[in-house]
Amino acid sequence: MTIEVVAAPGDAERDAILRVLVAHNDAAVGPTGRRQVAIVLRDEGGAILGGLWGRIGYRWLFVEYLAVPPSHKGRGIGRDLMQRAEAEARAGGCIGIWLDTFSFQARGFYEKLGFAVYGDIPDFPPGETRFFLSKRID
């Protein structure tokens, strides 16, 4: 066996590593019911302008990305995306939603939606903080 740093890792390396981890986790607690979640914002021509990307696993929805174009902020679109995500999570049998955000992003927005901070990493990036939030929906 050798250890190698891959200069330009791709899906093949990620998938191979993930297979080992998933097998271990599934053996410990059973299959997770993993699936991706995407809720997109489209313009009149069908182009994607933003939206929400996440994944469900272990009965929790992880919101990986939430993006609303600057010209559309303040119109309740982010709230609507999060409400639709929560509906997807409920329909998928989830018990909660979790996400992370930076101090220069939207912590207050998520707290208004009922999320609570459960951890943070100061100086990530330097001079800022990364916050981790969750919300139970069961």
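Higher on the page you've got the structure.
Cut-offs and rules
Residues numbered from 1 in each chain as written. Predicted model: local features only at pLDDT ≥ 70, side-chain atom pairs only at ≥ 80, totals over all residues. Heavy atoms only, no water. Phe/Tyr/Trp six-rings, centres within 6.5 Å; stacked < 30°, edge-to-face > 60°. Helix = DSSP H or I, 4+ residues; strand = E, 2+ residues; numbered from the N terminus. Buried < 20%, exposed > 50% of the residue type's maximum accessible area, 1.4 Å probe, protein only. Pairing = 2+ DSSP bridges. Core = buried A, V, L, I, M, F, W, Y, C linked by side-chain atoms within 4.5 Å. Contact = heavy atoms within 4.5 Å. Expected span 1.5 Å × (residues − 1).

Considering all chains together, one arrives at six aromatic pairs under this definition. Both rings, one in Phe102 and one in Phe124, keep their centres 5.9 Å apart while their planes meet at 70 degrees; by these two values the pair is edge-to-face. Of this pair, Phe102 sits in strand β4 (residues 96-102) while Phe124 is found in the loop between β5 (116-122) and β6 (129-136), placing the two residues 22 residues apart along the sequence. The class for Phe102 is buried, based on a relative accessible area of 16%. With relative accessibility at 33%, the residue Phe124 sits in the partly exposed group. Through successive ring pairs, a cluster of aromatic residues spans Phe102, Phe104 and Phe124.

With that out of the way, let us pick up the pairing of strand β3 (residues 60-67). Across seven bridges, strand β2 (residues 48-57) lies against β3 in antiparallel orientation. The residue of β3 that forms the bridge with Arg55 is Phe62. In sequence, β2 turns back onto β3 through a hairpin of two residues, with Tyr58 there showing a positive phi of about 55 degrees. Bridge count for β3 against β4 is four bridges, and the pairing is parallel.

Grouped together as the largest cluster of nonpolar side chains are 22 residues, with contacts concentrated most on Leu52, Leu61, Val63, Met82, Ile97, Leu99 and Phe115. At the level of secondary structure, the elements contributing two or more residues to this core comprise β1 (35-42), β2, β3, α2 (77-91), β4 and β6. The element contributing the most residues to this core is α2, with five residues. Once you skip the residues sitting within four places of it in the chain, Val63 turns out to touch Leu52, Trp53, Gly54, Met82, Ile97, Trp98 and Leu99.

The terminal C-alpha atoms of α2 lie 21 Å apart, and with 15 residues this matches the ideal 21 Å at 1.5 Å per residue to within 8%. All buried positions along α2 are accounted for by Ile77, Gly78, Leu81, Met82, Ala85, Glu86 and Ala89. Turning to α2, the residues buried within the fold contact β1, β2, β3, β4, α3 (107-112) and β6. Where α2 ends, the next residue or the one after it, Gly93, has phi of about 80 degrees, a positive value.

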